[in-house]
Amino acid sequence: VGTQNIVAANGQVSTSAFYEMLPDVSRPVPGVTVSPNDSMSASVTEISTGQWAISITDITDGESNTITVSYASWLSSAEWIEEDPSYSFRLQIPFDNFHGASFTSALVTLSGGTSVNIAASTAQPVTMVDGSGQNIAVPSAIGSDGASFTVSP
């Protein structure tokens, strides 16, 4: 769950809230209008075996929605990402001109029900590079709170 910028062939950028249940494509979250620089909050919570509540809130505008979906999960990963998706032939879509993304209050619930921050989890930073090996999205070190970081171009 998160936000996405889609750049049309004419350069027009549209921003929206979405959720994605792998391996399926992303789907819009109705009722949440996103503008550049909005502050967002999101969560994915297993409410019963195979049933998930996906929530996203635009803190700036006060809009929110929660969707309940069925999904068989391995319960093996959690991600906080700024990414450049790919399309056919594993080519990257041109990256939008983002100026950085900040992640705060990032928690994951481990099996057994204990919630931990990024620093206490097994999360690993990943730098996105282009086909030439140039960095295009670089995560910072985890903040002193153990639950925040930024991604910069």
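Structural notes, computed from the coordinates. What you see is a predicted model, and the numbers here were worked out from it, not measured in a lab. (Residues numbered from 1 in each chain as written. Predicted model: local features only at pLDDT ≥ 70, side-chain atom pairs only at ≥ 80, totals over all residues. Heavy atoms only, no water.)

A few points about the sheet that holds strand E14 (residues 149-152)
Across the sheet, four strands lie side by side as E9-E14-E13-E12; this open sheet has antiparallel pairing. The open sheet has two free edges, formed respectively by strand E9 (101-103) and strand E12 (128-129), since each of these has just one partner strand. Bridging between E12 and strand E13 (residues 135-139) involves two bridges; their strand directions are antiparallel. Considered in E13, the bridge of Met 128 is made with Ala 137. (Pairing = 2+ DSSP bridges. Helix = DSSP H or I, 4+ residues; strand = E, 2+ residues; numbered from the N terminus.)

Describing the environment of Ser 41
Relative to the helices and strands, Ser 41 resides in strand E4 (residues 40-48). With near-sequence residues (within four places) excluded, Ser 41 lies in contact with Ser 55, Ile 56, Thr 57 and Ile 59. (Contact = heavy atoms within 4.5 Å.)

Section: the pairing of E14
Alternating positions in E14 separate cleanly, Phe 149 and Val 151 being buried on one face and Thr 150 and Ser 152 remaining unburied on the opposite face. Pairing of E9 with E14 involves three bridges; the strand directions are antiparallel. Within E14, the position partnered with Ala 101 by the bridge is Val 151. The pairing of E13 with E14 spans two bridges and is classified as antiparallel. Opposite Pro 139, over in E14, you have Val 151 as the bridge partner. (Buried < 20%, exposed > 50% of the residue type's maximum accessible area, 1.4 Å probe, protein only.)

Observations concerning the sheet that holds strand E6 (residues 63-70)
An order of E4-E5-E6 is seen for the three strands of this open sheet, with the pairing classed as antiparallel. The sheet is open, and its two borders are formed by E4 and E6, each paired with just one other strand. Mean inter-strand twist for the sheet, computed between neighbouring axes without regard to direction, equals 15 degrees. As paired strands, strand E5 (residues 51-58) and E6 are joined by eight bridges and run antiparallel to one another. Within E6, the position partnered with Trp 52 by the bridge is Val 69. (Axes fitted to C-alpha atoms, helices over the stretch in contact; angles between N-to-C directions.)

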